[in-house]
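# Structural overview for review
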Amino acid sequence: MLNIYWFSILGRLIVPFLNIRKKKNNTILFLAAFYPKNAGYNWRVHKWIEQLNTKGYNSVSKYTLKASGFDILLTNRSLFLIKTLKKRFWQVISSSSYETVIVRRELLLYNDYGNLFLDKLLLKIHPNAILDFDDDISEAKNQPKEINSWYGKLLLEDGNKFNNSLRLYSNFIVASIHLKSRIIEQNVNYNNIAIIPTCVDYNDFPQKIYKSNKPFTFGWIGGNHNYFLLDLLLPTFEKIASEYKFKLLVIGGIEYKRNVNFDIEFRKWSLHSEIKDLLDIDVGLMPLINDMESKGKGGFKLIQYMGLGIVSIASPITINTEIVDHEKNSFLADKDDDWEFWITELLNGKIDMQKIGNAARLKINNNYTFNSNKENYLKFIENVRNSRVL
C-alpha cells in the first residue's frame, strides 16, 4: 500500500503538465463507482450518458473493475485496493482531456486510505469536478470514527472521509433535500447543488394491472446488506399469515431464507430481469429504521415500485414522505400497528389498488423520470461548464 505515497508524489509532479493540455469541448467523463449492469451504474451513470449524448455532448464512463473483479474483495481486500488505486490514478490523469468530470459516490471505493490525495489531485486538474451521490455514505461507514491502528495511521486512513470529501468539492448532484443539507453542514464554500433523484425510464414498459386470480404477493428489492430492514416486517407477516394467504417475493443478491410460516420466493437480481420480476409484485415494501443512515437514502425502491404502478407501503422517513402522498398513490406506515393495518386492508380488498397504482405511476412520471429531470440536469451541467476555471 506504499503505492499511495508513490502515486501522491507522482501526481504532484505531473499536474503542471496536465493543466496546459487542451480540454475537448462538450466532453464529460463519469468516474463510476461500480461497473456496467450494476443498478447504481445503470440509473445514475449510463442513463444520463444517453441523455447527455442526445443533446450533443460526448459523454463516457470509466470504472475500475468489472463485476468479476469485485470478487477479490471477498478473498484479498489488499489486492482489490491496489488494483483499484492503480486504475483510478491513471483515469484521473487521463481526465485532463475532458471538459467536465462527474465523480460517482467516491473516487476510491472501499478505500479510505491516503487522506483523499486522489480527490485533491483530480480537483487540481478539474477544480469544478462534480460529486454525485444518492446515499449518506458517512452514515453507512459509521463515520466519523477514530483511527487507532498503526497501519491505518501509516497509510493516512481518514476516519471522516466522506464528510471531508464534501468540504473539498464545490459542485454536487444529490438525490434528496436531506443530502443537500448534509453538504451545507460541511461546506460553506459550495457553488452549485442540484437535487436530481435517482430516476427511472419506464416509458416502454407496461404498468401493473391488478387481477384477483393469483396469490397476493408482497415484494422487496435491494442488496443483501439491507435484508435486516426487511426482517423488521417478519413478525407482522407471521401474525397475519395465520389468517391470510400470501407470499413474499424478495429480489436481491444472495438468497433470502428465513424460518417463517408463510411462503418466501427469492429471485436473484439482474438488470435484465428486474422489471419483469417487479411486475410480479402486488405491494412493494420499503421499511426503514428511523436513523441517520435511513434519512440519507434516496427512496429508489419506492420510485421503482410506483413507477411501474405498484402500490407500496413505506416508512415515513425523509424522502419517502416526498414521494408518497399517503392514501392517494401509496401508503406510509410508521409503527408495527400501521404496517399491520395497511397490509390487512390491502389483503381484505378494501382498497382500489388499480386506482392507487395509476396515481403512483403518474406521480413518478411527473417527478422522478429522466424526462421530468432532464432540463434541470442539463442546466446544472451548463452552469458548471460556464463557471469552470480555464
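Refer to the structure presented above.
Read on for a plain summary of the structure.

Parameters and conventions
Residues numbered from 1 in each chain as written. Predicted model: local features only at pLDDT ≥ 70, side-chain atom pairs only at ≥ 80, totals over all residues. Heavy atoms only, no water. Pairing = 2+ DSSP bridges. Helix = DSSP H or I, 4+ residues; strand = E, 2+ residues; numbered from the N terminus. Buried < 20%, exposed > 50% of the residue type's maximum accessible area, 1.4 Å probe, protein only. Arc of directions from axis to C-beta. Contact = heavy atoms within 4.5 Å. Axes fitted to C-alpha atoms, helices over the stretch in contact; angles between N-to-C directions. Patch = residues over 30% accessible without salt bridge, like charges linked within 9 Å, V, L, I, M, F, W, Y side chains within 5 Å. Areas by Shrake-Rupley, 256 points an atom, 1.4 Å probe, with all protein chains shown as cover. Salt bridge = Lys/Arg side-chain N within 4 Å of Asp/Glu carboxyl O.

One open sheet holds the six strands; their spatial order is β9-β8-β7-β10-β11-β12, and the pairing between them is parallel. Strands at the two margins of the open sheet, each flanked by one partner only, are β9 (263–268) and β12 (331–332). Relative to strand β8 (residues 247–252), strand β7 (residues 217–221) is paired through five bridges, and the arrangement is parallel. If you follow Trp220 over to β8, its bridge partner there is Val250.

Residues of helix α11 (residues 234–241) that are buried: Leu234, Thr236, Phe237, Ile240 and Ala241. Each buried residue of α11 lies within a common arc of 160° when the element is viewed along its axis, so the set occupies one face. Counted as exposed and oriented over 90 degrees from the buried face of α11: Pro235 and Lys239. Packed against the buried residues of α11 are β7, α10 (227–231), β8, β10 (283–286) and α16 (336–347).

Moving on, we get to the sheet that holds strand β2 (residues 58–62). Spatially, six strands are ordered β2-β1-β3-β4-β5-β6 in an open sheet, and the strand pairing comes out parallel. Every interior strand has two partners, whereas the edge strands, β2 and β6 (192–195), have only one. Sheet twist, expressed as the average angle between the axes of neighbouring strands with direction ignored, equals 20°. Sheet analysis places strand β5 (residues 171–174) next to β6, joined by four bridges and oriented parallel. Note that in β6 the partner of Phe172 across the bridge is Ile193. In this fold helix α2 (residues 39–54) packs onto β1 (24–31), β2, β3 (98–104), β4 (130–133) and β5, with an angle of close to 160° to the strand it touches most, β2. Along the sheet face, helix α4 (residues 77–94) touches β1, β2 and β3 and points at about 165° away from the line of β1.

Moving on, we get to a nonpolar patch on the surface. A cluster of nonpolar side chains, Tyr5, Trp150, Tyr151, Leu154 and Leu156, forms an exposed patch at the surface whose accessible area comes to about 520 Å². When residues of the nonpolar patch are assigned to their parent elements, the largest contribution, three residues, is made by helix α7 (residues 150–154). Assignment of secondary structure puts Leu154 in helix α7.

None of this, on its own, says anything about what the molecule does.
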